[in-house]
Amino acid sequence: VADNILESDKLSTFEPQELANIVWAFGRAENLAVKAEGGSLPRFLEKVADHIVALDDNQLARYRPSDLHKILGAFGSSTVGLKSNHLFEKLANVFIAMQYDKFIPQEIALILWAFACAGNLNKKIFSSMEQIAKSKLAECNCQDLATIAWSYTVVNVPAPSLFDADFLRACLK
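Residues numbered from 1 in each chain as written. Predicted model: local features only at pLDDT ≥ 70, side-chain atom pairs only at ≥ 80, totals over all residues. Heavy atoms only, no water.

1. Let's talk about the overall build of the chain
- A tally of regular secondary structure across the chain gives 11 helices and zero strands.
- Going from the N terminus to the C terminus, the chain shows its helices and strands as α-α-α-α-α-α-α-α-α-α-α.
- The 173 residues of the chain split such that 48% are buried.
- Excluding contacts between residues fewer than 6 apart, the proportion of contacts in the chain whose partners are at least 24 apart in sequence is 72%. (Helix = DSSP H or I, 4+ residues; strand = E, 2+ residues; numbered from the N terminus. Buried < 20%, exposed > 50% of the residue type's maximum accessible area, 1.4 Å probe, protein only. Contact = heavy atoms within 4.5 Å.)

Put into structure tokens, the structure is as follows:
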């Protein structure tokens, strides 16, 4: 499937959610032959990264936070070692520009998780997400809180306004 998409250059024909689902599925593929050196997964992910980075603001506005975190998650969890810093930089700016109320706690957690898993220490995204996460603490479940805390720990970014008594109360609810 990845080879077919690559050969036909069909990335622009997918709706945002369709592309996100395909990328997410390939990023989690457990077939070692797909992930082998020179296999189609690294080339596919590189092509997707270039495609997303080339989108203008109006095209990117069609993507929901959940679509974008799925795409980033494929890079964060990929065992092919592809980290695509240009994609992470572009999407960090998109997330920072989004309105806070567009995010649900799981999206906040998974965006931070993707950056942390990829080893992408973008201080702007972690600083911006600190305030967004703080505003959504009452809505977070235990998994969201654990993922947020884990992400900040992995990248070693202090977030004192997030990890305070309110965070502790949210963990204990």
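2. Regarding the pattern of salt bridges
- One pass over the structure, following the stated rule, counts six salt bridges.
- One salt bridge in this structure joins Asp164 and Lys134, with 2.4 Å as the shortest N-O distance. Of this pair, Asp164 sits in the loop between α10 (142–155) and α11 (165–172) while Lys134 sits in helix α9 (residues 123–135), placing them 30 residues apart in sequence.
- What makes Asp164 partly exposed here is its relative accessible area of 28%.
- In this structure, Asp166 and Arg169 form a salt bridge, with 2.4 Å as the shortest nitrogen-oxygen distance. (Salt bridge = Lys/Arg side-chain N within 4 Å of Asp/Glu carboxyl O.)

3. A word on the confidence of the model for the chain
- This prediction gives the chain a mean pLDDT of 84; 86% of its residues lie at or above 70.
- Here residues 30–36 is modelled with pLDDT under 50, and outside its nearest four sequence neighbours on either side it reaches nine contacts, counting other chains as well. (pLDDT = per-residue confidence, 0-100.)

4. Digging into the layout of surface pockets
- Approximately 200 Å³ is the volume attributed to the largest pocket.
- For the lining of the largest pocket, the secondary structure elements donating two or more residues are α5 (57–60) and α7 (85–97).
- For the lining of the largest pocket, a count of residues per class yields seven nonpolar, no polar and three charged. (1 Å grid on protein atoms, 1.4 Å probe; cavity = no way out; pocket = protein on both sides within 12 Å on 5 of 7 lines; lining within 4 Å. Points joined across faces, edges and corners; volume = space filled by probe spheres on them. Nonpolar A, V, L, I, M, F, W, Y, C, P; charged D, E, K, R; others polar.)

5. Observations regarding the environment of Lys136
- Turning to its location among the elements, Lys136 is positioned in the loop between α9 and α10.
- Of the residues examined, Lys136 reaches a relative accessible area of 10% and is grouped as buried.
- In sequence terms Lys136 and Pro105 are 31 residues apart; their C-alpha atoms lie 6.4 Å from each other.
- In contact with Lys136, other than residues within four places in its own chain, are Tyr100, Asp101, Phe103, Pro105 and Ile108.
- A distance of 3.1 Å separates a polar side-chain atom of Lys136 from the backbone oxygen of Phe103. (Polar contact = N/O pair within 3.5 Å; in protein donor to acceptor, adjacent residues only side chain to side chain.)

6. Topic: unusual backbone geometry
- Within the chain, Asn156 stands out as a residue other than glycine whose phi angle is a positive 55 degrees.
- Assessed through its relative accessible area of 66%, Asn156 is described here as exposed.

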